[in-house]
Amino acid sequence: MIAFYLEPDSGVPAYLQLVRQVEHAIRLGRLRAGDQLPSVRDVVAMIGINPNTVAKAYREMESRHLVDTRQGRGTFVADLAPAAAGPAAIPAALARDLAEWIARARAAGLARDDAAAVFDQELRAAYRNEGIA
Amino acid sequence: MTWLVWRQHRLEALAAVTVVAVLAIVAAPTALHLYQVTALLRHDGCLGGSPDVNCGTAMDAFNATSRTLQGIVPLLNILPALAGAFIGAPLVAREYEDGTWRLAWSQGVTRLAWLRRQLLGTLAVTGLSAALLTAVLTWWLSPVNDVNGRFTNNGFDFTGVVPAGWALLAFAIGVLAGTALRRVIPAMAVTLAGYAAIRYPVEFLLRPRYLPPAKTWGLPFAQGTGLATNDWELGLDPVAPGGRTVLTGAQFDQVQHTAQASMNRAATSPATYPAQLDHWLTAHGYTQVATYQPAGRFWAFQGIEAGICLLLALAAIAVAYRLVSRRPF
Amino acid sequence: MTATADQAAAGQSAAAVESSGLGKRYGRTWALRDCTLSLPEGRVVALIGPNGAGKTTFLSLVMGLAEATEGTVLVDGHPAGGPGALARVAFMGQDHPLYKRFTVADHLRMGYELNAGFDLPWARARLADLDIPLRRPAGRLSGGQQAQVALTLALAKRARVILLDEPVASLDPIARREVMTVLMTRVAETGATVVFSSHVVAELERVCDYLVVMSRTQVQLAGATDDLIAAHARLIGPGRAATGAAGGDGDVPAGVAAVLERSASDAQTVLLARLSGPVADPRWEARPVTVEDIALGYMAAPGERYQPSPRLSVVSGSQS
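Quick caveat: nothing in here was measured; it's all calculated off a predicted structure.

## Regarding the overall build of chain C
Scanning chain C from N- to C-terminus turns up twelve helices and 14 strands. Against the 2.2 N^0.38 benchmark of 20 Å for 320 residues, chain C shows a C-alpha radius of gyration of 22 Å, consistent with a compact globule. Here the C-alpha coordinates of chain C stretch approximately 75 × 45 × 45 Å along the principal axes. For chain C, the residues scored as buried account for 47% of the 320 residues in total. In chain C, 72% of the contacts between residues at least 6 apart in sequence involve partners at least 24 apart.

Take a look at the structure:
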């Protein structure tokens, strides 16, 4: 069974952290199709967070087709759960363009954090109208 | 909730029963002795209206044995007050004082339901102890009552329903004081004071007047009252010739002066003076009137006094209920 | 989705605690005024505010330990203090009173006798986990142990609404975390609504999904944390040097409904703001805030009020 954890100061909402942990585990093969996830109650007993948050996380996982909830029996990793959000799905061309940009930034003298800040700013500007962060 | 009430008040219950048990044990030797002395008196025909001269020694023996007893017994009238103070006063006051009312009244029982069940439980303890006490004291005092009559203060106070009535009232006063003052010690003090403030007037001012007293007119001076042992003598007063005018103290003194003046000084001595005075008064038409409550009214009076206690107790409990339900916090 | 439609069709979901114009006066001093709240079922509600704000008074009124001077309060539809409400509410007071001469076992028995559905096995198991001896008189337990016993009594009742007044105030940080975990687990097991008050703001986001901020006897803020987070932001923008004059309230971008906190320097200005819409001004960057930020922000701005009506879609939780 997967052991959840929380990083309280990461800026990522708690429910999303749980979703990402399941995605990550599936990607790494630690969770396979048909494996059972702990019940909401057990997750709460493990990490002491609001049960509604856990419920929300499970609903989100379900809407991303990562898991199936069978009434009365539990929540299970979905068959053929796509590792869809992983980097394998990203078009190779985009990844190449990004690597190129990073090389140029480095050549211009930008440190790693500087490059990240520029990228972050542009990202926010582009997604501005769709709400915050 | 029966378990809870018992658990909260078991010490008081045990204390009450212990007090009565101790009383019974302490009383036993004296009581048994008194029974023997009284049996003797009865055997010699010394009980009842007109005592014989021969009964003097036997009566002395009786008085010697019962004197201490009769001195102590009135003090036992404090026992109902103690029941009220130790059982009734802390009932609600302790919850307020310790803050446990927040625990008790946030359970699944409304506070009035809680109060009702607490009252029933502690009332049962009080009532039972009062009944036991009455039994012990009736047994203890029965020889004394045979001699002195049961319609005396001691006899009346510790027989029948009156002790339970006072215990009930003291308990109710305690509950009210505790509910109003919300502190145990002050509530106990107020309970004792309140009890005394009601008991004294009722016992000494009201009790003689529950029913209009009977009177026996025309009693000669030389004889006794002619009342039975169990009648309650309230007074014996001189009456002017003609039969119906009661003389005041001052007036009677005046009459006695007149009598003295008209009697042959030389023929009187301290020893014979009383008899001669009686003779003079009778000769001049003076009589006495005895005011009393007949023995047959004993149980009526018991009922009336217990009824007064009950009504006052109900009123006190009703006020306590209102105070508890008002939720001022 | 269908769940929302059903709920909308049936009308509002029953509120666990519903107060309307609730107020309480002691003598001539008001302890709570004009309190209108609708706390949804199944939530963990944090009641935040400084001492004297009215939190304890509110909880006492909901429990029926105090009588309202004005207004009404219902628990699961039942008037507070009545038998219907008493059967549905559990309570732990700030000083967690216990009967000093009762043993721990006596307290459990009392809970069992006075409450239908009292979960005696759960209570015993919990106290065993905490190594609290059942036969010891409560007066001889440590303060922390007494708090645990009081909390156990409240949680064992299987109430629909659990009211806790400063439940972790007298506990060390480890015990604090443990208590919140047990509380959350119990909520997961029973689906109860929890309302707990605290004057400490740390670690709110982890446990609470509905926030009420009170100050000076009145409600300042009430709403689901998801809604509140969506409606507030930290805005970072140009400093005094860039805007020229250092005048007054300074520059506030369009889309800001209210500024809770402002911190300005020459280089940049940081605002904690409530939004009325998206902030389009390119000079301002919007960053998300946490529940703690929002609570602190309103506590620092006692004049601000915000009580949005609940979005029905949030009730069934089909989307965030």
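## A look at the interface of chain A and chain C
At the junction of the two partners, chain A supplies 19 residues and chain C supplies 22 residues. Those elements giving two or more residues to the side of chain A that touches chain C turn out to be α2 (40-47) and α3 (51-63) of chain A. It is α3 of chain A that provides the largest number of residues to the side of chain A that touches chain C, a total of five residues. Within the side of chain A that touches chain C, the residues separate by chemical class into ten nonpolar, six polar and three charged.

## Looking at the sheet that holds strand β12 (residues 256-264) of chain C
The strands that make up a sheet pair up through hydrogen bonds in the backbone, lying either parallel or antiparallel. Residues and elements named next belong to chain C. Strand order in the open sheet made by the four strands is β12-β13-β11-β14, with antiparallel pairing throughout. In this open sheet, the two strands that pair with only one neighbour each are β12 and β14 (285-287). Neighbour to neighbour, the strand axes of the sheet diverge by 30° on average, direction disregarded. The sheet contact formed by strand β11 (residues 232-238) and β14 spans three bridges and is antiparallel. Each bridged residue has a counterpart across the sheet, and for R234 the counterpart in β14 is R287. Taken strand by strand, helix α11 (residues 291-300) contacts β11, β12 and β13 (268-275), and its axis lies near 85° from that of β12.

## Here's the deal with the environment of I198 of chain B
All names here are of chain B. Positionally, I198 belongs in helix α8 (residues 184-206). Assessed through the 17 C-beta atoms surrounding it within 10 Å, I198 is described here as partly exposed. Here the alpha-carbon distance between I198 and T138, two residues 60 residues apart in the chain, equals 24 Å.

## Here we look at the domain arrangement of chain C
Residues and elements named next belong to chain C. Looking at the assigned domains, one finds that chain C contains domain 1 (13-216) and domain 2 (228-300). Summarising the inter-unit geometry, the C-alpha centres of domain 1 and domain 2 are found 36 Å apart. Taken together, the contact between domain 1 and domain 2 spans eleven residues of the former and nine residues of the latter. Where the side of domain 1 that touches domain 2 is concerned, the elements lending two or more residues are α8 (204-207) and β9 (210-215). Residue contributions to the side of domain 1 that touches domain 2 peak at three residues, all from β9. Residues of the side of domain 1 that touches domain 2, tallied by class, amount to eight nonpolar, two polar and one charged.

About the thresholds
- Residues numbered from 1 in each chain as written.
- Chains lettered and ligands numbered in written order.
- Predicted model: local features only at pLDDT ≥ 70, side-chain atom pairs only at ≥ 80, totals over all residues.
- Helix = DSSP H or I, 4+ residues; strand = E, 2+ residues; numbered from the N terminus.
- Rg over C-alpha atoms; globule rule 2.2 N^0.38 Å.
- Buried ≥ 20, exposed ≤ 12 C-beta atoms within 10 Å, placed from the backbone.
- Contact = placed C-beta atoms within 7 Å.
- Nonpolar A, V, L, I, M, F, W, Y, C, P; charged D, E, K, R; others polar.
- Pairing = 2+ DSSP bridges.
- Axes fitted to C-alpha atoms, helices over the stretch in contact; angles between N-to-C directions.
- Domains from an automatic or database assignment.

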